[in-house]
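Summary of the model geometry
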Amino acid sequence: MTGLLVRNARLVPVGIDPTGRTPARATVPDAPLDVRITDGVVSELAPGLLSHGEDELDVAGRFLLPGLWDRHLHWDQWAAALTRIDLAGTTSADDVVARLARILPTLPDDGAAAFGFGHRSALWPRPATVAELDAVSGGRPVVLISGDAHNGWLNSRALELLGLPPRTGVLEEKEWFDILPRLDELTRPGTASQEEAFRDAARKGVVGVVDMEFGGPFLAWPERIAAGERRLKVRAATYPSHLDRAIELGLRTGEALAGGEGLVTMGPLKVISDGSLNTRTAYCAEPYADAAGLAHPRGVLNYAPAELAGLLARAAAAGLDVAVHAIGDAAIANAIDAMVATGARGSIEHAQLLARTDIPRLAAHGIVASMQPAHLLDDRDVTAACWPDRADRCFMTRSLVEAGVTVALGSDAPVSPLDPWLEMAAAVFRSADERDAWNAAEALTPAQALACSTDGRGTVGIGSPADLAVVETDPTALDATAPRAAAAALRETRVALTIVDGRITHLAL
Ligand SMILES: [Zn+2]
């Protein structure tokens, strides 16, 4: 295998101990070093390395980190969302057409349909026409889905590809709902949206993801790799619907999936044990503050405790870790009970509202808290309405890391964008606007937030996997006592170089 020599990189101290402490700057050399990468691993790290004839890159004193991981996302949904044209806020058919005229020429034209979403036509001065859409889209199929998803505005090419007769206006209700499940016929896997998602991830220094996509991501990823994709490491989950299949195939968490070229390993069994805050279905020890009229004042468990334990026991016996979605405090307590009782290893996904007494239990049993700090930006005001009496127990990142719990950050993209810098920023300064931080006592320092974003990898050293990022500014040097400014700097961090398995996936020196 070919190697790579990265010259003049400054090491960033990365890590976190069981009291939440991060390594001091003095633990890494001040001067830039050369980094030799051989067979996907850092093989040498010293100043002035001799060339072995490999490719060389001089990063001129920029900062070297272990590459970033997103520990919870839905890859296909994220890829689709990333290239969907946002039509929210448009006020007329003319307005939509004008927006498309600007955006369509900037999209790669690979034969796949362009999708738009979010217009609300109820108050438009006149109905939309197929002809005006054709006029700006030419031969490219275009599908525009209204914000309430109750109508579809398709151009002639899209209608033709779906075998529908020519028409003058939009498709509505029954006629539209019959077409909706067939829209994926207009996209081809591995085309524009996927390509943009891979590029975007590499630009942000992302080297790996845990894909919790519905269906069978453990079946989809080896196909992508077989088609030549090499830009991410992936742990691919399964859901209970595909558990039999995974067990039948003998897939065990952590083992390489056949055809994955070492990049794709089997992930956990994902189980959605309760609901969500916004729908008032996250399962809580106490009723929601605005429970009046709710059918389930404390939220809902999707599996009875014995049923959940049964699923986890099957997973554990088959060598599969578990990733239990639990947002409410009672759901989390229940999930911990089931993991302890069955010996299942793995994570609580979201861990949004926690009983303080469960923090030491997570630590004692080595259960990971897989959390999405960017969600707290959206959930702040909803929490004030639903859980005003327990808001101090929401997104308890600081308490968790200081109690020795492994906190792993992620996005749950498309719920928040695949952007570890945004997640770190939200963990450091818990506000999306002019308001002060929400529960500032639970904020992480920039160094802690970084250590929770590298899949457990510490300061780059000899033997580190060559999944690396080089950035323009050192995130651990940001002032933790000025969190608003630190968060702004994190969000704006520029990534100069991303390397996955020894291969360059992004270069902007
Ligand atoms: Zn999710």
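Below is a summary of the structure that appears in this document. Every chain's residues receive numbers from 1 upward, in the order its sequence appears when written. Two thresholds apply to this predicted model, a pLDDT of at least 70 for residue-level local features and 80 or more for giving and counting side-chain atom pairs, whereas whole-chain, interface and lining totals are computed over all residues.

Here we look at unusual backbone geometry
The test is simple: A run of H or I in DSSP counts as a helix once it spans at least four residues, and a run of E counts as a strand once it spans at least two, with each numbered from the N terminus. Residues with at least 20 other C-beta atoms within 10 Å of their own are called buried, those with 12 or fewer are called exposed, and the rest are partly exposed. The C-beta atoms themselves are positioned from the backbone.
The peptide bond linking Ala413 to Pro414 adopts the cis configuration, its omega dihedral lying at 15°. Inspection of the secondary structure assignment puts Pro414 in the loop between β18 (407-409) and α14 (420-428). Its identity as a non-glycine residue notwithstanding, Asp39 has a phi of 50°, on the positive side. Structurally, the position occupied by Asp39 is in the loop between β2 (33-38) and β3 (41-46). One non-glycine residue, Arg280, adopts positive backbone phi at about 55°. Tracing the backbone shows Arg280 in the loop between β14 (264-272) and α9 (305-317). With 24 C-beta atoms counted inside 10 Å, the residue Arg280 sits in the buried group.

Quick notes on the sheet that holds strand β17 (residues 368-371)
To be explicit about the condition: Think of it this way: DSSP has to see at least two bridges between two strands before they count as a pair. Between N-to-C directions, angles span 0 to 180 degrees; the directions come from axes that are lines fitted to C-alpha atoms, helices contributing only their stretch in contact. For every residue pair, C-beta atoms are placed from the backbone, and the pair is scored as a contact if these atoms sit within 7 Å.
One open sheet accounts for eight strands, arranged β6-β12-β13-β14-β15-β16-β17-β18; its pairing is parallel. A single partner strand is all that each edge strand has here, and the edge strands are β6 (68-73) and β18. Each adjacent strand pair in this sheet contributes to an overall mean axis angle of 25°, direction not counted. Here strand β13 (residues 233-238) pairs with β14 via four bridges, running parallel. Bridge assignment links Thr238 to a residue of β14, and that residue is Leu269. In this fold helix α7 (residues 217-226) packs onto β12 (206-211), β13 and β14, with an angle of close to 150° to the strand it touches most, β13.

Focus: the sheet that holds strand β7 (residues 85-86)
Ordered in space as β7-β8-β9-β10-β11, the five strands form an open sheet in which the pairing is mixed. For this open sheet the edge positions go to β7 and β11 (171-172), each flanked by a neighbour on one side alone.

Details of the nonpolar core
Short version of the rule: Joining buried Ala, Val, Leu, Ile, Met, Phe, Trp, Tyr and Cys residues through C-beta atoms within 7 Å gives a set, and that set is a nonpolar core.
Counting residues in each nonpolar core, the largest one holds 124 residues, and the members touching the most others are Leu64, Val322 and Val428. In this structure Leu64 touches Ala9, Arg10, Leu11, Val12, Val35, Val460, Leu468 and Val470, once residues within four positions along its chain are discounted. Within the second largest apolar cluster, 19 residues are counted, among which are Ala114, Phe115, Ala128 and Val170.

Observations concerning helix α2 (residues 93-103)
This is how it is decided: Directions pointing from the helix axis toward each C-beta atom define the arc.
Every buried residue of α2 is accounted for by Ala93, Val96 and Leu100. Looking straight down α2, one finds that the buried residues subtend no more than 60° of arc, so they occupy a single side. Residues Ala101 and Arg102 are exposed on α2 and point more than 90 degrees away from its buried face. Of the surrounding elements, those touching the buried residues of α2 are β7, β8 (114-119), α3 (130-137) and β9 (142-146).

Describing the environment of Val97
If you trace the backbone, Val97 turns up in helix α2. Residue class for Val97 comes out partly exposed when judged on the 17 C-beta atoms lying within 10 Å of it. For the pair Val97 and Phe218, spaced 121 residues apart in sequence, the C-alpha to C-alpha distance is 40 Å. Aside from chain neighbours lying at most four places away, what touches Val97 is Glu132, Leu133 and Val136.

Things to note about α9
Short version of the rule: The span one expects for a helix is its residue count, reduced by one, times 1.5 Å.
Its 13 residues give α9 an end-to-end C-alpha distance of 18 Å, which sits within 8% of 18 Å, the value for a rise of 1.5 Å per residue. Among all positions in α9, only Leu308, Ala309, Leu311, Leu312 and Ala315 are buried. Projected down its long axis, α9 carries its buried residues within an arc of 160°, all on one side. Facing away from the buried side of α9 by more than 90 degrees, the exposed set consists of Ala306 and Ala317. Within two residues after α9, Gly319 carries a phi angle of roughly 85°, on the positive side.

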